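Working through the structure, step by step
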Amino acid sequence: MITFTQDSVSSFFQTENETENAITFTDVRKVYQQGDHAIAALDGVTLQVKPGEIYGVLGQSGAGKSTLIRCVNQLEKPTSGSVQVNGQEMTRLSGKELRQSRQHIGMIFQHFNLLSCRTVAQDVAFPLEIIGYSKLQRKAKVEELLALVGLEGKANAYPAQLSGGQKQRVGIARALAGEPKVLLSDEATSALDPQTTRSILDLLRDLNRRMGLTILLITHEMGVVKYICDSVAILNAGRIVEQGPVSDLITKPESLLSQEFFPRRVQRQPRAGAVIATIAFDEALADEPIFSALTRHFDVNVSILSGSVEPVGDRRVGQFQIELVGERAADALKYLHELNYAVEVH
Amino acid sequence: MQGQELIDGLWVATVETFYMVGISVLIAVILGLPLGLLLVMLSPGNILDNPKLHKPLSAIVNTGRSFPFIILLVVLTPFTRLVVGTSIGSTAALVPLTLAAIPFFARLAETSILEVDKGLIEAAEAMGCNYWQIVLKVLVPEALPSIVLGVTILIVNLLSASAMAGAVGGGGLGNLAIQYGYQRFDVAVMFATIIVLIILVQLIQLFGDRISQSLRKK
Ligand SMILES: Nc1ncnc2c1ncn2[C@@H]1O[C@H](COP(=O)(O)OP(=O)(O)O)[C@@H](O)[C@H]1O
Ligand SMILES: [Mg+2]
């Protein structure tokens, strides 16, 4: 297999980065003792979440996602390794220091976790009570928070009177009460229908842009990563098997992310005299009449075996598995590479 | 017993019953609720997870619940004398009644608190709540509708247990029914007493359900 891809320069500088990360995991392990055998829910996780980005952790059920996100605010104590939030070493905190630190890390949940005996306004006021706001301060802050998530009219409703999307909005307002720089989202849209999911993700994206809120979210849904994440880590059995900016990974045909994301590629040998290749591109090249150009310039016939063009965030990315027939097929692929297409020949 | 005499007898017995049941319920709730909370919080996977304390505490509660009430009434006589200075009368009956009620209510409260969604504790911890805040702002308010139903069960149970208080001259409605109705074949007294008891139980259940329902915001 021959691979041509643009080497991303950014990944080289990432480790040298001078600016402080919002969240840093360094070789984090979490081992659960179950009777006489141990389960490593996290097996040496290292990742950096930059300030102001939306970082997704994608993985199947049981991969260790919840454990990972719970290590950030130390709901789960790692067995070893270091977890830093805005430069503060979380694993060393305990008691009052830890609680104070938690007051300024927001968290939202799959099942919303609203108090059934409190109204929306009272629930959003809850963290403010813990932080120690006066009653008057709470009232003003709650109004502001409810406006932020678009729930102005629902202040006196109880959770039982709200839809799933509204409940998650309350959860978000409550999570933002402590004016956190970092928001943790534990499968926050997994219990919602697709349309509501989009509206909640839009809200998160909006908060991220307007307030510079850093979001670490975990999900088992590719759609969520595709819709709002800037960076992604793929977690499998407690290990990160791939990580990087979504836009980089998704345009690399060999990445796990793009293999998950795009239609399954056809597994067969090229026909006699033909070449099978996968090409990938992003927004910059999405409008190019590339297949007709190949035909015209190189006199090749192009068949599309699989592929699609998909929106990712507010851009488009595409990947096509194509079969080229013609004497100058190799030149055609070289031409694509020169135009900045990622090209993988099978 | 007839007429005014019957009415007076019923009145005195009702007051005695209210006295015995009221005070023992009060003490049982005050002591049993924290005990129930502890049972939950110390249990495996919970916020104070501690088997070394949980197991003995649970065993003590179980032991307290193992005694048939009538035996407790007799066995505790010396202790009762020590605590309230007498071993006969309504006040004396209070001691075994309360001691039986505490572990019973602790289990009822435990069941109610266990029903509280674990996610709420997680959310509270993530907000930076300490244990007291989790107990007072999450566990108790969220379990309250169910705890109220538990109190209703406790009251009705004590009402029935207090009938045996007659064994130590405790009086009360149950005792009236046994003494006059059963031992002296005074059917009128027995019926009257039972009707009062039925009305009481209905009212208690009605109020318990109402209060619980109004606390449950669903
Ligand atoms: N408290 C626990 N005790 C024992 N094993 C646990 C505990 N929490 C999680 N695990 C195990 O750790 C692994 C990862 O769990 P989790 O982080 O919840 O995965 P995910 O959120 O990706 O579904 C699973 O195998 C799970 O069974
Ligand atoms: Mg999970």
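Residues numbered from 1 in each chain as written. Chains lettered and ligands numbered in written order. Predicted model: local features only at pLDDT ≥ 70, side-chain atom pairs only at ≥ 80, totals over all residues. Heavy atoms only, no water.

**Thoughts on the sheet that holds strand 2 (residues 23-34) of chain A**
Residue and element names in this part refer to chain A. The criterion, for reference: A pair of strands is considered paired only if DSSP assigns at least 2 bridges between the two. The secondary structure listing takes helices from DSSP runs of H or I that are at least 4 residues long and strands from runs of E that are at least 2 residues long, numbered from the N terminus. We call two residues contacting when some pair of their heavy atoms lies within 4.5 Å. Axis angles are defined between N-to-C directions and span 0 to 180 degrees, where every axis is a line fitted to C-alpha atoms and, for a helix, only to the segment in contact.
Strand order in the open sheet formed by four strands is 3-2-5-6, and the pairing between neighbours is antiparallel. Of all strands in the sheet, those with a lone pairing partner are strand 3 (37-49) and strand 6 (88-89), marking the two edges. As paired strands, strand 2 and strand 5 (residues 80-85) are joined by five bridges and run antiparallel to one another. What sits directly across from T24, in strand 5, is Q84. Sheet strands in contact with helix 2 (residues 65-72) are strand 2, strand 3 and strand 5, and its direction is about 120 degrees off that of strand 2.

**Some remarks on the pairing of strand 13 (residues 301-312) of chain A**
All names here are of chain A. Of the strand pairs in this sheet, strand 13 and strand 14 (residues 315-325) are connected by eleven bridges, and their pairing is antiparallel. Within strand 14, the residue paired with V302 across the bridge is L324. Count of turn residues in the strand 13/strand 14 antiparallel hairpin: two residues, of which G313 carries a positive phi of about 60 degrees.

**Focus on the domain arrangement of chain A**
Residues and elements named next belong to chain A. In plain terms, the rule: In this document the domain limits rely on a domain assignment from an automatic tool or a database. Simply put, the buried area is the total loss of 1.4 Å probe accessible area from both parts when two parts are fitted together. Salt bridges, as used here, are contacts in which a Lys or Arg side-chain nitrogen is within 4 Å of a carboxyl oxygen on Asp or Glu. We define a polar contact as two N or O atoms separated by no more than 3.5 Å, with the added condition that, inside protein, one atom must be a possible hydrogen donor and the other a possible acceptor, whereas residues neighbouring each other in sequence contribute only through side-chain atom pairs. Each residue is assigned to one of three groups, with Ala, Val, Leu, Ile, Met, Phe, Trp, Tyr, Cys and Pro labelled nonpolar, Asp, Glu, Lys and Arg labelled charged, and all others, Gly among them, labelled polar.
Its domain assignment divides chain A into domain 1 (6-249) and domain 2 (258-345). A straight line from the C-alpha centre of domain 1 to that of domain 2 covers 37 Å. Contact residues are listed per partner, giving eight residues for domain 1 and eleven residues for domain 2. Around 760 Å² of area is buried between domain 1 and domain 2 when both sides are counted, 56% of it from carbon and sulfur atoms. Taken together, the connections running from domain 1 to domain 2 amount to two salt bridges. In this structure, K226 engages E310 in a salt bridge whose closest nitrogen and oxygen atoms are separated by 3.1 Å. Applying the counting rule to domain 1 against domain 2 returns one residue pair in polar contact (both at pLDDT 80 or more). Elements supplying a minimum of two residues to the side of domain 1 that touches domain 2: helix 8 (222-228) and helix 9 (246-250). Of the residues assigned to the side of domain 1 that touches domain 2, the class counts are four nonpolar, two polar and two charged.

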